[in-house]
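Secondary and tertiary structure notes
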Amino acid sequence: MKDWRYWLAEQRGTLLAFGIFIVMFFIYTANHPAGFTANVVQTASNKGVLLAFVAMAQTLVVVTAGIDLSVGMIFTLTNCLASWLVIGTGIETAFGVVAVLGTGLLCGAINGAIVIYGRLQPIVATIATGAVYFGLALLLRPFPGGSVNEDLADALTGRLFGAVPASLVVLLAVVLVVWVPFSRSVLGRAAYAAGSSETAAYMSGVPIRRGKFAAYALAGLLAAIGGLFLTFFTYTGDAAYASGNAYTLFSIAAVVLGGVSLFGGKGSAIGAIFGALAFRTIGDLLFVFDFDPLWQPLFQGVILLIAVSLGAFALFRVRNRLEWFL
Amino acid sequence: MDGAVPLFRMEGISKRYGGVRALEKAELLVTSGSIHAILGENGAGKSTLIKVMAGVVAPDEGRMTLDGSEVTFASPAAANKAGIVCIFQELSLVPELSVADNIVISDPPTRFGMIDRKAQRRIAEEALARAGASDIHPLALVKDLPLSRRQMVEIAKALARKPRILILDEATSALAGADVAKIFSVLKRLRREGLALLYISHRMNEIAELADQCTVFRNGRNVASYTAGSKSDNEVVELMIGREYSHIFPPKPARAASAAPPVLEARKLSWVDRLDNVSLTVGAGEVVGLGGLDGQGQRELLLAFFGVLRGLSGQILIDGRPVAIASPAAARDDRIGMALIPEDRKTEGLMLPMTVRENLSFAALDRLSKAGVIDRAAEQRLIDDMVGLLAIRTAGLDIPVGALSGGNQQKVVIAKWLMRQPRIILLNDPTRGIDVGTKQELYQLMRKLADAGAAILFYSTDYDELIGCCDRVLVLYDGAVKRELVGVELTERALISSALNIHGENAGPTQGADA
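Residues numbered from 1 in each chain as written. Chains lettered and ligands numbered in written order. Predicted model: local features only at pLDDT ≥ 70, side-chain atom pairs only at ≥ 80, totals over all residues.

Details of the overall build of chain A
Tallying secondary structure elements over chain A gives 14 helices and two strands in all. Taken over the C-alpha trace, chain A has a radius of gyration of 20 Å; the compact-globule value for 326 residues is 20 Å, and the two agree within 12%. Along the longest, intermediate and shortest principal axes, the C-alpha atoms of chain A span 60 × 45 × 40 Å. Within chain A, the fraction of its 326 residues that count as buried is 49%. Contacts in chain A between residues far apart in sequence, at least 24 positions, make up 76% of those at least 6 positions apart. (Helix = DSSP H or I, 4+ residues; strand = E, 2+ residues; numbered from the N terminus. Rg over C-alpha atoms; globule rule 2.2 N^0.38 Å. Buried ≥ 20, exposed ≤ 12 C-beta atoms within 10 Å, placed from the backbone. Contact = placed C-beta atoms within 7 Å.)

Structure representation (structure tokens):
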């Protein structure tokens, strides 16, 4: 086989998510009253990147065969923090941004430390830390409020050269600065190896712990970038429990749609980004076809079920029935 | 090689797992430029020995010296750094990563902090070529490769680490003839290049072809070291056995083994590459043993009978009538009446957090209930019977089964199935890891059940047990029945030599003459 066919096989999940998104987005813009305009794309992009950041965060953890149920709460906490700190002069704002991102990184690092060194199950550990992070968010913002540096907010949620959504450019930059180096580093490979077969990785002398720790910590950072962007869109901080939880659950849905295996070791954040964008587009599609928004959860559920079923076909090939339960 | 300076030396190495002694003051000398074979039966301590060498387990006592200076390895990575690389029996490849990723996994080449994919590709291609496996594409995912190709990747991965000592643990067990020949020429070349090779294999002909030096292990000790070719196969087998009978077995009934009508019969069972035209019969009142080395298809054979495998070819007959057993539920159904005592009681036999009572009645709930409601009184009677019959020692029926000792847990597994009064009982190495007293009780029970008319198929890795308990033993090798041992033929020597397939060509029963 030629090299490109191996590449294709490896990227199948990502390409599939990309395809689903393109088709859905095409249908959406074709039926939008305004059509494919810079405005429509900008609005869609701004809605989509929030989930895209959180889904990227989830990908990093899922790749290690873990799960992070606190991403939505880190997202909420950093939103509340940003509504206090990302304000004032240029220097003050810059420090605020660094502080918000540092907080996300710290939250992720705490998750990682508990899961890896405390040997707790990721699902339990992150439910608990998620509750703590939300508690902190509530202390920061008992009621919605606060403000943000509006010049920065408008710049990052507006358009570049009148056509390209700035939020999309930031998303691309984050992919290039965070995801690409991580996935190609030794630590990134350790995270994948640990997710695929932890014993094999251990036997091969792979730095499993450091790899997993890096994955959890960076997940916190990515969720914080999402929280920052939420502040830029809304100009306020809001410790909204339902919204935090929804982001956590949607991030898992986006990851699955994006071809990332919940069993770990397989998938890419790029796929998860397209999964997130596709998941967001479901709501937009209902809008242009004049469905009641009440239908949205139902449709999102159906789409998710279909996506997950695609992955289950492998079970038909199993010849030893005991392998069904592995 | 005589007089060569030893590269690596192990002295007085001991290791215990709980109460089990895996290694007892073991010694080993390894010299450069030679192939050293390690022999021993299942559980003789070979695997533990190499795990100690490779830094996977830490020894309880003893010392290791490399180039004359003492070393300790805290992890496999530390052993690798010192130049000791092991190819394990259980493969150590990461399935979702590519061949090239796997080959460089311990120490990937980096550039500006990121993995240098070009360099990685080059290293992988070189290593694959050195392992004689240039046909494997570096970008292929390991999980998509067949087992034999994975083994070649495993060897390439080891070579990419530039080892001084290379350990091969049953490296050829998954390989076909052509691949074995390829590996042999690779190994011989490595020997010429000055590597020290440790070779663990059960295939005597391979050892005869490759080894310069041999060491035999038994019960965790090295019992003999000799220059390859200086002992006959029979002498080697003698060294490997050398074990006293320590168990008391119930007397076997004196009768012709084939007198009983077959209750369970298999005709030419084949499954993927694990079972190869297996035919056998088990009569009522008969205990038939399955022997051979670990992993020669015994487990798969039992699973095949129990309806777990899909895509099975051949026929299974119960009472002389062909049946299709589609699931364990069908197998335990009264018309067939089969029970399987699984190998891994913790995952396949018991629900550890649940109570003794619940675990006992699980398999028989359908018999104990009317219209979906459990008859508590009947359940209690049956449970009392079983606890008495098997002498299960428990503080109560309502404590979690996980709190019992290993032997008593195993009794619960067996009792659970006996509650259905099965006619056919399949046992998968049921005495592994349980104490001698409980073992004896189980032997008595097996004979009692057989005398009551049950047909018993019994797989064990313990040769004493097979000899002491079974009326007949079928020895499996590579998924096929290589030999049937009956009555006086049933000796430890015969079991081991047929398990190693020493008399491979002339001693087997006629197999697959017609299809």
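That was the structure; now back to the text.
Some words on the overall build of chain B
What chain B contains, in helices and strands, is 19 helices and 24 strands. Since a compact globule built from 515 residues should have a radius of gyration of about 24 Å, the 25 Å found for chain B is in line with a globular shape. Taken along its principal axes, the extent of the C-alpha atoms in chain B is 70 × 55 × 50 Å. Expressed as a percentage of its 515 residues, the buried residues of chain B come to 46%. Sequence-distant contacts, at least 24 apart, represent 69% of the contacts inside chain B between residues at least 6 apart.

Considerations on the packing of helix 8 (residues 166-184) of chain A against helix 11 (residues 208-234) of chain A
Residue and element names in this part refer to chain A. Viewed as axis vectors pointing N to C, helix 8 and helix 11 meet at an angle of 175 degrees, and their least axial separation amounts to 12 Å. Between helix 8 and helix 11, the interaxial angle falls into the category roughly antiparallel. Residue-level inspection shows S167, V174, V178 and F182 of helix 8 in contact with helix 11, the latter providing L218, L222, I225 and F229. Among the residues making up the contact of helix 8 with helix 11, the classes are represented as seven nonpolar, one polar and no charged. (Axes fitted to C-alpha atoms, helices over the stretch in contact; angles between N-to-C directions. Parallel < 35°, antiparallel > 145°, perpendicular 65-115°, else oblique. Nonpolar A, V, L, I, M, F, W, Y, C, P; charged D, E, K, R; others polar.)

Focus: the sheet that holds strand 18 (residues 338-341) of chain B
Residues and elements named next belong to chain B. Taken in spatial order, the six strands line up as 18-21-22-15-23-24 in an open sheet, and their pairing is mixed. The open sheet is flanked by strand 18 and strand 24 (480-486), the only strands paired with a single partner. Neighbour to neighbour, the strand axes of the sheet diverge by 20 degrees on average, direction disregarded. Direction of pairing for strand 18 relative to strand 21 (residues 424-428): parallel, over a ladder of four bridges. Among the inter-strand pairings, L340 is bridged to a residue of strand 21, identified as L426. Contacting strand 15 (287-291), strand 23 (472-477) and strand 24, helix 18 (residues 492-499) runs over the sheet at an angle of about 25 degrees to strand 23. (Pairing = 2+ DSSP bridges.)

Notes on the pairing of strand 6 (residues 84-87) of chain B
Residues and elements named next belong to chain B. Taking every second residue as pointing to the same face, both faces of strand 6 are buried, with I84 and C86 on one and V85 and I87 on the other. Pairing geometry for strand 6 and strand 9 (residues 165-169), over four bridges, is parallel. Across the sheet, the residue bridging to C86 is I167, located in strand 9.

Thoughts on the interface of chain A and chain B
Every contact between the two is made by 24 residues of chain A and, on the other side, 29 residues of chain B. When residues of the side of chain A that touches chain B are traced back to their parent elements, those giving at least two are helix 1 (3-10), helix 8, helix 9 (186-196) and helix 10 (198-203) of chain A. Looking at which element gives the most residues to the side of chain A that touches chain B, the answer is helix 9 of chain A, with five residues. A class-by-class count of the residues in the side of chain A that touches chain B yields 11 nonpolar, seven polar and six charged.

Looking at the nonpolar core
Formed by 251 residues in total, the largest nonpolar core has its most connected members in F53 of chain A together with A156, L426, I456 and F458 of chain B. Setting aside anything within four residues of it in sequence, one finds L426 of chain B in contact with L302, F305, F306, M338, A339, L340, I341 and L457 of chain B. (Core = buried A, V, L, I, M, F, W, Y, C linked by C-beta atoms within 7 Å.)

Re the domain arrangement of chain B
Residue and element names in this part refer to chain B. Taken as a whole, chain B is organised into domain 1 (6-241), domain 2 (260-337 + 422-506) and domain 3 (347-421). Domain 2 and domain 3 are separated by 25 Å when their C-alpha centres are compared. On the domain 3 side, the residues contacting the nine residues of domain 2 number nine residues. (Domains from an automatic or database assignment.)

Digging into helix 9 (residues 298-305) of chain B
Residue and element names in this part refer to chain B. For helix 9, the tally of buried residues reaches seven of eight residues, placing the bulk of the element in the interior. Considered for burial, the residues of helix 9 that qualify are Q298, E300, L301, L302, L303, A304 and F305. Positive backbone phi, at 80 degrees, marks G307, one or two positions downstream of helix 9.

Structural notes on the sheet that holds strand 16 (residues 313-318) of chain B
Residues and elements named next belong to chain B. Judged by pairing direction, the sheet is antiparallel, and its four strands sit side by side in the order 14-13-16-17 without closing on themselves. Looking along the sheet, the strands with just one partner apiece sit at the ends: strand 14 (275-283) and strand 17 (321-323). Neighbour-to-neighbour, the strand axes of the sheet open up by a mean angle of 20 degrees, direction not taken into account. Two strands pair when backbone bridges link them, and strand 13 (residues 262-271) and strand 14 are joined in this way by six bridges, in the antiparallel orientation. Residue pairing across strands places E265 opposite T281, the latter belonging to strand 14. Each of strand 13, strand 14 and strand 16 is contacted by helix 9, which is oriented at about 65 degrees to strand 14, the strand it contacts most.

Let's talk about the confidence of the model for chain A
Confidence in the prediction for chain A averages 88 pLDDT; 95% of positions are at 70 or higher. When pLDDT is averaged over each helix and strand of chain A, the minimum, 77, is found for helix 14 (residues 296-312) of chain A and the maximum, 95, for helix 4 (residues 71-85) of chain A. (pLDDT = per-residue confidence, 0-100.)

A short note on the pairing of strand 21 of chain B
All names here are of chain B. Of all five residues in strand 21, five are buried, a share of seventy percent or more. Burial of the side chains of strand 21 extends over both faces: I424, L426 and N428 are buried on one face and I425 and L427 on the other. Here strand 21 pairs with strand 22 (residues 455-459) via five bridges, running parallel. Counterpart to L426 in the pairing with strand 22 is L457.

Let's talk about the confidence of the model for chain B
Residues of chain B with pLDDT of at least 70 account for 90%, and the chain-wide mean is 83. Here the predicted complex scores 0.75 on pTM and 0.80 on ipTM.

As for helix 5 (residues 90-116) of chain A
With 27 residues, helix 5 of chain A ought to run about 39 Å at 1.5 Å a step, and its terminal C-alpha atoms sit 39 Å apart, in line with that. Summarising the contacts, the buried residues of helix 5 of chain A are in contact with helix 4, helix 6 (122-140) and helix 11 of chain A. (Expected span 1.5 Å × (residues − 1).)

Notes on the environment of A26 of chain B
Inspection of the secondary structure puts A26 of chain B in strand 2 (residues 20-31). Taking the C-alpha atoms as reference points, A26 of chain B and P253 of chain B, separated by 227 residues in sequence, lie 42 Å from one another.

Examining the environment of M203 of chain A
Residue placement: M203 of chain A occurs in helix 10. The buried category is assigned to M203 of chain A, around which 25 C-beta atoms lie within 10 Å.

So, unusual backbone geometry
Despite not being glycine, R119 of chain A shows a phi value in the positive range, around 55 degrees. The exposure class assigned to R119 of chain A is exposed, which follows from the 8 C-beta atoms found within 10 Å. Its identity as a non-glycine residue notwithstanding, K268 of chain B has a phi of 50 degrees, on the positive side. Relative to the helices and strands, K268 of chain B is located in strand 13.

Some thoughts on the environment of L222 of chain A
Residues and elements named next belong to chain A. With respect to the helices and strands, L222 occurs in helix 11. Judged by local crowding, L222 falls into the buried class, with 29 C-beta atoms found within 10 Å. Residues L222 and F53, spaced 169 residues apart in sequence, show a C-alpha to C-alpha distance of 5.8 Å.

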